Amino acid sequence: MTHARAERSAICDLLDQTGPDAPTLCTGWTTYDLAAHLVLRERRPDAAAGIALRPLAGYTASVQNGLKAQHPFPELVGLVRKPGGFYGLLPFLDEAVNTLEFFVHHEDIRRAQPGWEPRRLSDDFERLIWKRLAMGARLMLRKSPVGVVLHRLGGGVALGGAQEGPKVEVTGRAGDLLLFCFGRQQHARVDLTGDEDAVARLLNASLGV
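One numbering rule holds for all chains: residues counted from 1, following each sequence as written. A pLDDT threshold of at least 70 governs which residues receive local features in this predicted model, and a stricter bar of 80 or more applies before side-chain atom pairs are shown or counted, although totals over entire chains, interfaces and linings include all residues. For the side-chain quantities, the full set of heavy atoms in the structure was used; hydrogens and water were omitted.

> Describe the overall build of the protein, and please don't skip the residues or the numbers.
Only runs of H or I of at least four residues qualify as helices and only runs of E of at least two qualify as strands under DSSP, and these elements are numbered from the N terminus. Along its length, the protein carries 10 helices and 4 strands. Sequence-ordered secondary structure for the protein, helices as α and strands as β, is α-α-α-α-α-α-α-α-β-β-β-α-β-α. Scaling as 2.2 N^0.38, a compact globule of 209 residues should have a C-alpha radius of gyration of about 17 Å, and the protein matches this with 17 Å. Relative accessible area decides the class of each residue, using a 1.4 Å probe on protein chains only: under 20% of the type maximum gives buried, over 50% gives exposed, and in between gives partly exposed. Residue burial in the protein is summarised as follows: out of 209 residues, 48% are buried. Here a residue-residue contact requires only that any non-hydrogen atoms of the pair lie within 4.5 Å. Expressed as a percentage of contacts within the protein between residues at least 6 apart in sequence, the contacts between residues at least 24 apart total 59%. Note that accessible areas follow from Shrake-Rupley with a 1.4 Å probe, and for residues the cover is restricted to the protein chains shown. For the protein, the computed accessible surface area is about 10400 Å², with 55% contributed by carbon and sulfur atoms. Positive and negative charge centroids in the protein, built from 25 and 24 side chains respectively, lie 4 Å apart. In this description the radius of gyration comes from C-alpha coordinates, and the expected globular size is given by 2.2 Å times residues to the power 0.38. His is not counted, nor are the chain ends; Lys and Arg add positive charge and Asp and Glu add negative charge. The location of each charge is read from NZ of Lys, CZ of Arg, CG of Asp or CD of Glu.

Pasting the structure below:
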């Protein structure tokens, strides 16, 4: 089983456990909203562009709400569980596009629940996350008002953020560094070193793709 398939299965199992009304780290979204978002990404390419492009966000939101109106929660989870669209036809594309997406959204649910603890990922998965993160760090950190030096526990350094001015060092496991760079700074188990003001600005910055 690929990492994308494993995370897909795990997030669906967790959605089944939490039900439709559990909180997530996605502001304003319940687990029902998150399930609809995942279905939209794969099965409604006409609306998926609005996830990244603000002028199209209104249409995307209307389609997402429509999916909730059309499908009971268990039905939506069932659609997430089975890869759809191009991802169902091309497993290599599922692995390339969905591995980090499902990991982050899996943690969006886990870390919004009381008493959560970080998962210990396999060494292979840690290396894959770090490889992808190191390649995309500059993109994900492009809005950072300060320079950022990512230190992966176990080895690896990546740079991003502002080219000039103060720098903040962020140290942690690959999964937590990824969540940090995806805008989940307050919920990532990392250590931050640097000027107090620079750290505060980084923690409150809008990060992510």
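> I'd like a description of the nonpolar core, backed by residues and values.
In this structure, F103, I129, L133, L150, V170, L178 and L202 are the most contacted members of the largest nonpolar core, which totals 32 residues. Where this core is concerned, the elements lending two or more residues are helix 7 (91–110), helix 8 (123–140), strand 1 (147–152), strand 3 (167–172), helix 9 (174–181) and helix 10 (196–203). A total of 7 residues in this core trace back to one element, the largest contributor, which is helix 8. Other than its neighbours up to four places away in sequence, V170 contacts V148, V149, L150, H151, L177, F180, V190, D191, L192 and L202. Side-chain atoms within 4.5 Å link the members of a nonpolar core, which is a set of buried Ala, Val, Leu, Ile, Met, Phe, Trp, Tyr and Cys residues. By size, the runner-up hydrophobic cluster in this structure holds 21 residues, among which are C26, L34, A36 and L40.

> Describe helix 9, listing the residues and the values that go with them.
In terms of residue burial, helix 9 counts as a mostly covered element, since 8 of its 8 residues are buried. Within the sequence span of helix 9, burial applies to A174, G175, D176, L177, L178, L179, F180 and C181. Against helix 7, helix 8, strand 1, strand 3, strand 4 (191–193) and helix 10 lie the buried residues of helix 9. Positive backbone phi, approximately 95°, marks G183, located one or two places after helix 9.

> Tell me about the pattern of salt bridges, residues and numbers included.
Any two side chains of opposite charge can pair, so long as their charged atoms come close to each other. Here, a salt bridge means any side-chain nitrogen of Lys or Arg that lies within 4 Å of a carboxyl oxygen of Asp or Glu. For the coordinates displayed, the defined rule picks out 15 salt bridges. Look at the salt bridges and you will find they share partners, linking E7, E107, R110, R111, R119 and D176 into a network.

> I'd like a rundown of the packing of aromatic side chains, residues and numbers included.
Under the pairing criterion, centres of Phe, Tyr and Trp rings, with the six-membered ring standing for Trp, must be within 6.5 Å; the plane angle then separates stacked pairs below 30 degrees from edge-to-face pairs above 60, leaving the rest tilted. Applying the stated criterion across every chain, the model contains 2 aromatic pairs. Between Y32 and F73, the aromatic rings sit 5.4 Å apart at their centres with planes inclined by 75°, giving edge-to-face as the arrangement. Within this pair, whereas Y32 is found in helix 2 (residues 31–43), its partner F73 is found in helix 5 (residues 73–81), the two being separated by 41 residues in sequence. Here Y32 and F73 have matching classes, each one buried. Over a ring means this: the NZ of a Lys or the CZ of an Arg is within 6 Å of the ring centre and within 35 degrees of the ring normal. Against the face of Y32 rests K68, its NZ or CZ located 5.4 Å from the ring centre. The ring of W116 carries the charged tip of R189 above its face, separated from the ring centre by 4.6 Å.

> Lay out the pairing of strand 1 with the relevant residues and their values.
Summarising burial for strand 1: 5 of the 6 residues are buried, a large majority. Pairing between strands is defined by DSSP: at least two bridges between the two strands are required. With 5 bridges joining them, strand 1 and strand 2 (residues 157–161) adopt antiparallel strand pairing. Opposite V149, over in strand 2, you have L159 as the bridge partner. Between the antiparallel neighbours strand 1 and strand 2 lie 4 residues, among them G154 with a positive phi of about 105°. By the bridge criterion, 6 bridges tie strand 1 to strand 3 in an arrangement that is parallel. The residue of strand 3 that forms the bridge with G147 is K167.

> Can you tell me about the sheet that holds strand 4, naming the residues and giving the values?
One open sheet accounts for 4 strands, arranged 2-1-3-4; its pairing is mixed. Strands with a single pairing partner mark the edges of an open sheet, and in this sheet they are strand 2 and strand 4. Between one strand axis and the next, the sheet turns through 20° on average, direction left out of account. Every axis corresponds to a line fitted to the C-alpha atoms, with the helix fit spanning only the stretch in contact, and the corresponding angles, defined between N-to-C directions, vary from 0 to 180 degrees. Across the sheet, helix 8 touches strand 1 and strand 2, and the angle it forms with strand 2 is around 35°.

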